[in-house]
Amino acid sequence: MRLASSPADIAIQTAKTRQSLQRRPQADLPGTLFKWLLISFTGFAIAFLGVLVVVMVNDGWSVLSGRLSGFLSNGFSQRSAQDAGVWQGIVGSVQIGIATALFAIPVGIATAIYLVEYATGGWFARAVELNVRNLAGVPSIVYGLLGLTVFVKTLDGFTQGKTVIAGGLTLAAMVLPIIVITSVEALKAVPQGIREAAYGVGATKWEVLSRQILPAAVSTILTGTVLSLARALGEAAPLILVGAATGFISFGDSNFLETFTGPFTALPVLIFNFARQPGEDWSANAAAASVVILILVLMINGAALYFRNRFEKKW
Amino acid sequence: MNMTTISAEELQTASGRRLRSSLARWMFLLASAVTILISGLIIWTIASEAWTFASQVAADQLQTIGWFPRRGMFDIGTLILNSAQIAIVSMIVAVPSGLGAAIYLSEYAHPRVRRIMKPTLELLASVPSVVLGVFAISFITPVVLSKFFDEINFFNKLAAGIGVGLLVIPLIASISEDALRAVPRDLREASAGLGARKATTAIRVVIPAALSGLMAAIIVGFSRAIGETMVVTIASGGGDTSLFETSIKESGGTVTSAMAALGLGTDQVAGNDLAFQSLYFLGALLFIITLVMNMLGNLIVRRMQERY
Amino acid sequence: MVETNNLNESAREEKKTTISLSPTISSMATRGDESTADPSAAEVIFDVEKLDAFYGDFKALSNVSLQVYKSQVTAFIGPSGCGKSTFLRCFNRMNDLIEGARVEGTIKYRGADLYDEEVDPVEVRRRIGMVFQKPNPFPKSIFENVAYGPRLSGLKKSKLAETVEKSLRRSALWDEVKDRLSASAYGLSGGQQQRLCIARAIAVQPDVVLMDEPCSALDPIATARIEELITELKSEYTIVIVTHNMQQAARMSDQTAFFSVALDSHGSRTGELVEFDKTETIFTNPNDSRTEAYITGRVG
């Protein structure tokens, strides 16, 4: 067979090829449907967040617009919904947050450093790693049991019973595995070359760690840590078991430091309380307090995002 | 012989630097030990009281109809049924949305869209569960569910399940996306090179290759749903007691909400007819169920990581 | 308008085939096919003209023009970073899958512009198959790997087994795997996996098979088997192969294109085509001193 050599033959062949390669509008209909299905599922998750915010602002509007300053500065009031506020909840949450951070961050980062930089695959390191993974999946309310028995009762000499310190220790135990896991990932992401270069000029392990590796990993570690504190801020269940006050607390004339060892409550616990009370006014309080906590969560997430972008990786 | 010799001492690091280095090592080791200590304490805490409950409770106390701990009626079956129903409803909400978002983000989304979507999902993940509980009773039940059902209890398991589902979406999405992104690019190219369209590649190659990771995401999500406390406590009327009730349009407490209710009154409950101990028994049950599921999920994820 | 265009194009094609007429026939290219005994009659499958390829702002390849002929093996050789793989991936629009990748200039496939807006890249890839650098079988059974492509084009179930067997025989794998078709492809050796990938590519009966350094991840024995296979396959398929193994190009190919790295006017690195000719000419009597330096091992 001689091949198409006349210009006319070639033109016909070209036209045929072109036709066969042509985009057909119906060809990928199932694929387009699939894509839009995925987009709608993704949109569902995002839209939900929007609806949540709108509903909360709408339901809490009477409080947010009518008596915002009183709502933010008043304590819990059992008698009247119109007088109830979230001040003690905010103070409690901040205090618990500080206590949680103080206990969890050093231990969490140190554990991650041990796992990545020191452990040489021995049984102990493997046990720690498996243990941390399993702890991360333990429901928060189970940590409440730990707090109730160990921090409130057994260690009451240190915690003074149902106090901010006991609550902070409980939440610290809860977020510890999350901090370890994100810090391990951050440290593993530091290129091996940086370690080798530092050892190559005669640095000790501690020097390599404190001057090279930690500065390189700090942004990811901070991001993970801050996000885990956001989670602690939203937790109510373990605090309820540890005995966060569900009624009015009298701080008396104790100063800020003394309140660490007195009765305490927290913002999510207050929201739970508002939600439990019957009546429109209490619902409005619950919604308004939800808006307050959502704003706090948003701020913390914003901080995490800031850390992530501020120290963008250089490699 | 004229040779410069170096003594062993000269090759040693200055003692101060050495000390600091080994001190640091012991500090880090100690911190790791703390995580083991926490596990040990959790198990010790739960086990001792749970054992007291298990050894002292009479068989007929477990076979009552409904959960009334203060009256010595410990029908754990009711709580488990409610936990299972709510967890299943939550999976019906969370699995399609979580998997769908993960597939969209890993296979379709432009990097710019991803950069916006990831922090948004993180934000979703940090919405406090009490807020979702409030959302369930102020929106899901009165605005949404009341349109579909003429008779639905204000506190109901369906709304609680939907609320828990919304909470679990970002968790499932994030684990699934990791699994999908772990599928080598090679395989997508091989499929595209054979003339497969994007959806075909996703459905016939990427998803099957990531299937075990997606299963792990669902298992871990289910475990989280089982362990979720506040949404259920607020939205499904987690009072101290629960009647046996199979309809999801009715209220009912779960293992977790029963624990929260017992915890709210720990002072009054203590010493009262095993009620206090039942709190720990429920905790033990919850701990074992979630531990088994999480270990399974982690095992699957690790297998998958080793494969590629 | 379109008509005249076509005529112009075909006229140019004819002219090109005439130019490539050359009295010597590569002794390494032994084919039973009569049409190849007379190169002037060789049909042009790809006609590349003034092609530039970019990744974002980076120009990976600049100003390449060459032709690929039917039922021949065309090899692209050159040092790493010279853009030869990028170039290969332009032929089935595989680079479309990379964010920010684009081309300027034209590639005509059987006269039709591959980058025309009307062209569906998926249709292109059905006709122009690809074998990759690293064996990349799907995590499925051996049978399902080969059946993947035919299933996409809607082949009937009853014909599937026959097509799979034919493709596996054609890629010289049948005897080794016929008893374990339902076993995972991951259980095969590297060389077997690569032959499976070839079987998978030819199961859809493509017109052209593109191969991107198909032996670079294999040991010498497996490499020899693949080379043998490629030489057999060229009677049925047009093959374009990227390799950095010069002996491989010399042994198997009919035409060879040598690419190199050049500095463009802005001082940044870009790949360029140095020389394109019959394999024998490239290896025995290259025109360009850079080609000579490379093939004699002084550079690269």
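What you are looking at is a predicted structure, and each value in this text was computed from that prediction instead of being measured.

1. Looking at the interface of chain C and chain B
Then, number 1: Opposite the 26 residues of chain C that make contact, chain B presents 22 residues.
Then, number 2: Taken together, both faces of the contact between chain C and chain B bury some 2000 Å²; the carbon and sulfur share is 58%.
Then, number 3: It is C:Pro139, C:Tyr148 and C:Leu152 in chain C that bury the most area against chain B; as a group they hold 24% of the surface buried on that side.
Then, number 4: At the boundary of chain C with chain B, the tally comes to 3 salt bridges.
Then, number 5: As a salt-bridge pair, B:Glu189 and C:Arg89 come within 2.4 Å of each other at their nearest N and O atoms.
Then, number 6: Breaking the side of chain C that touches chain B down by element, the ones donating at least two residues are helix 3 (121-127), strand 6 (128-131), helix 4 (142-152) and helix 7 (190-202) of chain C.

2. Remarks on the packing of helix 6 (residues 123-136) of chain A against helix 1 (residues 15-56) of chain B
Then, number 1: One way to put it is that helix 6 of chain A packs onto helix 1 of chain B with a least axis distance of 10 Å and a crossing angle of 50°. In terms of orientation, helix 6 of chain A and helix 1 of chain B fall into the oblique class. Two packed elements cross with a definite hand, and for helix 6 of chain A against helix 1 of chain B that hand is left-handed. Where helix 6 of chain A abuts helix 1 of chain B, its residues A:Phe124, A:Ala127, A:Val128, A:Asn131, A:Val132 and A:Leu135 lie against B:Leu29, B:Ser32, B:Ala33, B:Thr35, B:Ile36, B:Ile38, B:Ser39 and B:Ile42.
Then, number 2: Grouping the constituent residues of the contact of helix 6 of chain A with helix 1 of chain B by class yields 10 nonpolar, 4 polar and no charged.

3. Quick notes on the pairing of strand 7 (residues 208-212) of chain C
Residues and elements named next belong to chain C.
Then, number 1: Burial runs high along strand 7: 5 of the 5 residues are buried.
Then, number 2: Side chains of strand 7 alternate between two faces, with Val208, Leu210 and Asp212 and Val209 and Met211 buried alike.
Then, number 3: Bridge analysis of strand 6 against strand 7 gives 4 bridges, and the strand direction is parallel. When the bridges of strand 7 are listed, Gly129 appears paired with Val209.
Then, number 4: As judged from the 5 bridges shared by strand 7 and strand 8 (residues 238-242), these two strands associate in the parallel manner. Looking at the pairing, Met211 lines up with Ile241 of strand 8.

4. Things to note about the packing of aromatic side chains
Then, number 1: Tallied over the full model, the rule gives 25 aromatic pairs over all chains.
Then, number 2: With 5.3 Å between their ring centres and 45° between their planes, A:Tyr118 and B:Phe28 make a pair best called tilted. A residue pair is termed interchain when its members come from two chains, as with A:Tyr118 in helix 5 (residues 87-118) and B:Phe28 in helix 1.
Then, number 3: By relative accessible area, B:Phe28 is classed as buried at 3%.
Then, number 4: Ring geometry for C:Phe138 against C:Tyr148: centres 4.6 Å apart, planes inclined by 55°, an arrangement best described as tilted.

5. Let's talk about the domain arrangement of chain B
Residues and elements named next belong to chain B.
Then, number 1: By the assigned domains, chain B splits into domain 1 (16-56) and domain 2 (61-304).
Then, number 2: Using C-alpha coordinates to define each centre, domain 1 is positioned 29 Å away from domain 2.
Then, number 3: Opposite the 10 residues of domain 1 that make contact, domain 2 presents 12 residues.
Then, number 4: Together, the buried faces of domain 1 and domain 2 total about 920 Å²; carbon and sulfur atoms form 86% of this surface.
Then, number 5: For the interface between domain 1 and domain 2, the tally reads 0 salt bridges.
Then, number 6: Between the two partners, domain 1 and domain 2, sit 1 residue pair in polar contact (both at pLDDT 80 or more).
Then, number 7: Of the residues belonging to the side of domain 1 that touches domain 2, the class tally is 6 nonpolar, 3 polar and 1 charged.

6. Here's the deal with the environment of B:Ile162
Residues and elements named next belong to chain B.
Then, number 1: Relative to the helices and strands, Ile162 resides in helix 6 (residues 157-181).
Then, number 2: Measuring from C-alpha to C-alpha, the distance between Ile162 and Ala179 comes to 25 Å, with 17 residues separating the pair along the chain.
Then, number 3: In this view, Ile162 contacts Val89, Val93, Ile140 and Leu145; residues no more than four positions away in its chain are not counted.

7. A word on the side chain of A:Arg195
Then, number 1: Its place among the elements puts A:Arg195 in helix 10 (residues 192-200).
Then, number 2: Not counting chain neighbours up to four residues away, the residues in contact with A:Arg195 comprise A:Val116, A:Glu117, A:Leu187, A:Val190, A:Val208 and A:Ile213.

8. Structural notes on the interface of chain B and chain A
Then, number 1: With 79 residues of chain B at the contact, the number on the chain A side is 79 residues.
Then, number 2: Taken together, both faces of the contact between chain B and chain A bury some 6900 Å²; the carbon and sulfur share is 77%.
Then, number 3: Of the charged contacts in the structure, one is a salt bridge between B:Glu122 and A:Arg308, with a shortest N-O distance of 3.3 Å.
Then, number 4: Run the count over chain B and chain A and you get 8 residue pairs in polar contact (both at pLDDT 80 or more).
Then, number 5: Broken down by element, the side of chain B that touches chain A gets its largest block of residues, 20 residues, from helix 1 of chain B.
Then, number 6: Taken together, the residues of the side of chain B that touches chain A sort by class into 48 nonpolar, 23 polar and 8 charged.

9. As for the pattern of salt bridges
Then, number 1: Applying the stated criterion across every chain, the model contains 27 salt bridges over all chains.
Then, number 2: Between C:Asp120 and B:Arg197 there is a salt bridge, and its shortest N-O distance comes to 2.9 Å. Residue C:Asp120 is located in the loop between strand 5 (112-113) and helix 3, and its partner B:Arg197 is located in the loop between helix 7 (185-193) and helix 8 (198-227); the two belong to separate chains. Judged on exposure class, the residue C:Asp120 and its partner B:Arg197 are both buried.
Then, number 3: Residues C:Lys178 and C:Asp175 are paired through a salt bridge, measuring 3.8 Å at the closest nitrogen-oxygen approach.
Then, number 4: For C:Asp175, a relative accessible area of 58% gives the class exposed.
Then, number 5: Several salt bridges converge on common partners, so that one network encompasses B:Arg114, B:Lys118, B:Glu177 and B:Arg181.

10. Some remarks on the sheet that holds strand 5 of chain C
Then, number 1: Spatial ordering of the open sheet is given by 5-4-1-2-10-9-3-8-7-6 (chain C), a layout of 10 strands whose pairing is mixed. Pairing within the sheet leaves two strands with one partner each, and these edge strands are strand 5 and strand 6 of chain C.

11. Section: the confidence of the model for chain C
Residue and element names in this part refer to chain C.
Then, number 1: This prediction gives chain C a mean pLDDT of 84; 85% of its residues lie at or above 70.
Then, number 2: Across residues 1-38, confidence stays below pLDDT 50; counting only partners more than four residues off in sequence or on other chains, it has 53 contacts.
Then, number 3: Scored by ipTM, the complex comes to 0.88, with pTM at 0.86.

12. Section: helix 10 (residues 255-264) of chain B
Then, number 1: A large share of helix 10 of chain B lies buried, amounting to 9 of its 10 residues.
Then, number 2: Of all the positions in helix 10 of chain B, only B:Val255, B:Thr256, B:Ser257, B:Ala258, B:Met259, B:Ala260, B:Ala261, B:Leu262 and B:Gly263 are classed as buried.

13. Topic: the packing of helix 14 (residues 280-310) of chain A against helix 4 (residues 111-125) of chain B
In a packed pair of helices, the relevant descriptors are the angle between the two axes and the axis-to-axis distance.
Then, number 1: Running from amino to carboxyl end, helix 14 of chain A crosses helix 4 of chain B at an angle of 145°, the nearest separation of the two axes being 10 Å. Between helix 14 of chain A and helix 4 of chain B the crossing geometry is right-handed. Taken together, the residues of helix 4 of chain B that come into contact with helix 14 of chain A (itself represented by A:Val297, A:Leu298, A:Asn301, A:Leu305 and A:Arg308) are B:Pro119, B:Glu122 and B:Leu123.
Then, number 2: Residues belonging to the contact of helix 14 of chain A with helix 4 of chain B are distributed by class as follows: 5 nonpolar, 1 polar and 2 charged.

14. Focus on the nonpolar core
Then, number 1: Ranked by size, the top nonpolar core spans 222 residues in total, and within it C:Phe46, C:Phe76 and C:Phe87 carry the most contacts.
Then, number 2: Here this core takes 16 residues from helix 3 (residues 76-108) of chain B, the largest share from any one element.
Then, number 3: Three or more residues apiece are contributed to this core by two domains, here domain 1 (16-56) and domain 2 (61-304) of chain B.
Then, number 4: Setting aside its immediate chain neighbours within four residues, C:Phe87 contacts C:Val48, C:Leu51, C:Leu61, C:Val64, C:Leu66, C:Phe76 and C:Phe259.
Then, number 5: Counting 26 residues, the second-largest nonpolar core is a separate cluster that includes C:Ala222, C:Ile230, C:Ile239 and C:Met252.

15. A short note on the confidence of the model for chain B
Then, number 1: Scored by pLDDT, chain B comes out at a mean of 88, with 93% of its residues at no less than 70.
Then, number 2: Per-element confidence in chain B ranges from a low mean pLDDT of 56 for helix 11 (residues 266-269) of chain B to a high of 95 for helix 3 of chain B.

Conventions adopted
- Residues numbered from 1 in each chain as written.
- Chains lettered and ligands numbered in written order.
- Predicted model: local features only at pLDDT ≥ 70, side-chain atom pairs only at ≥ 80, totals over all residues.
- Heavy atoms only, no water.
- Contact = heavy atoms within 4.5 Å.
- Buried area = accessible area lost by both parts, 1.4 Å probe.
- Salt bridge = Lys/Arg side-chain N within 4 Å of Asp/Glu carboxyl O.
- Helix = DSSP H or I, 4+ residues; strand = E, 2+ residues; numbered from the N terminus.
- Axes fitted to C-alpha atoms, helices over the stretch in contact; angles between N-to-C directions.
- Parallel < 35°, antiparallel > 145°, perpendicular 65-115°, else oblique.
- Left-handed = near helix turned anticlockwise from the far one by under 90°.
- Nonpolar A, V, L, I, M, F, W, Y, C, P; charged D, E, K, R; others polar.
- Buried < 20%, exposed > 50% of the residue type's maximum accessible area, 1.4 Å probe, protein only.
- Pairing = 2+ DSSP bridges.
- Phe/Tyr/Trp six-rings, centres within 6.5 Å; stacked < 30°, edge-to-face > 60°.
- Domains from an automatic or database assignment.
- Polar contact = N/O pair within 3.5 Å; in protein donor to acceptor, adjacent residues only side chain to side chain.
- pLDDT = per-residue confidence, 0-100.
- Core = buried A, V, L, I, M, F, W, Y, C linked by side-chain atoms within 4.5 Å.

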